[in-house]
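Remarks on the overall topology
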Amino acid sequence: MPKARTNWGATDPWRSLTDAELRIAELVAGGLTNRNIAEYLNLSPHTVDAHLKHTFTKLNIHSRVELTVLALEHR
């Protein structure tokens, strides 16, 4: 049975994130709420929610905890 790859390589879905999505992912990993992120970046909470939904879809994840783990792995 082949071993699972431990590095993401060229197929890393993290690379598909936009600059805004990456910035928000880092702030989520830092423990900020969507409202805090919106205030910090001078965005509406709806915009932050939209970026997070796109990020979750691109990374095939379903929670802020999963996003935090991936953000920490990609620092």
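Residues numbered from 1 in each chain as written. Predicted model: local features only at pLDDT ≥ 70, side-chain atom pairs only at ≥ 80, totals over all residues. Heavy atoms only, no water.

With respect to the packing of helix 1 (residues 19–29) against helix 3 (residues 45–59)
Our working definition: Axis definition: a line fitted to C-alpha atoms, limited for helices to the stretch in contact. Angles are taken between N-to-C directions and run from 0 to 180 degrees. Secondary structure elements are taken from DSSP: a helix is a run of H or I of four residues or more, a strand is a run of E of two residues or more, and numbering for both begins at the N terminus. The cut-offs work like this: below 35 degrees is roughly parallel, past 145 is roughly antiparallel, 65 to 115 is roughly perpendicular, and the gaps in between are oblique. We call two residues in contact whenever any of their non-hydrogen atoms come within 4.5 Å of each other. Residue type decides the class: Asp, Glu, Lys and Arg count as charged, Ala, Val, Leu, Ile, Met, Phe, Trp, Tyr, Cys and Pro as nonpolar, and the leftover types, Gly among them, as polar.
At a minimum axis separation of 9 Å, helix 1 and helix 3 run at an interaxial angle of 95 degrees. The orientation of helix 1 relative to helix 3 falls into the category roughly perpendicular. Each of Ala20, Glu21, Ile24 and Val28 in helix 1 lies in contact with helix 3, whose residues at this interface are Val48, His51, Leu52, His54, Thr55 and Lys58. A per-class count over the contact of helix 1 with helix 3 returns five nonpolar, three polar and two charged.

Re the nonpolar core
For the record, the criterion: Buried Ala, Val, Leu, Ile, Met, Phe, Trp, Tyr and Cys residues that are joined via side-chain atoms within 4.5 Å together make up what is termed a nonpolar core. Burial here depends on accessible area, computed with a 1.4 Å probe over protein chains only, as a share of the maximum for the residue type. Under 20% is buried, over 50% is exposed, and the range in between is partly exposed.
Counting 17 residues, the largest nonpolar core has Trp14, Leu52, Leu59 and Leu67 as its most contacted members. Mapped by element, the contributors of at least two residues to this core are helix 1, helix 2 (34–41), helix 3 and helix 4 (64–73). A total of five residues in this core trace back to one element, the largest contributor, which is helix 1. Setting aside its immediate chain neighbours within four residues, Leu52 contacts Ile24, Val28, Asn34, Arg64 and Leu67.

Focus on the confidence of the model for the protein chain
Note the cut-off: As a per-residue measure, pLDDT tells how confident the predictor is, with possible values from 0 to 100.
Averaged over all residues, the pLDDT of the protein chain is 90; the fraction at 70 or higher stands at 87%. Predicted confidence is poor over residues 1–6, with pLDDT under 50, and the contacts of this stretch with residues over four places away or in other chains come to zero contacts.

Notes on the pattern of salt bridges
How we decide: We define a salt bridge as a contact between a side-chain nitrogen of Lys or Arg and a carboxyl oxygen of Asp or Glu at a distance within 4 Å.
Taken as a whole and assessed by the stated rule, the structure comprises two salt bridges. The shortest N-O distance in the salt bridge between Lys58 and Glu21 comes to 2.9 Å. A residue pair is termed long-range when its members are at least 10 positions apart, and Lys58 in helix 3 and Glu21 in helix 1 qualify at 37 residues. The exposure class assigned to Lys58 is partly exposed, which follows from its relative accessible area of 34%. When the shortest N-O distance is used, the salt bridge between Glu26 and Arg75 registers 3.1 Å.

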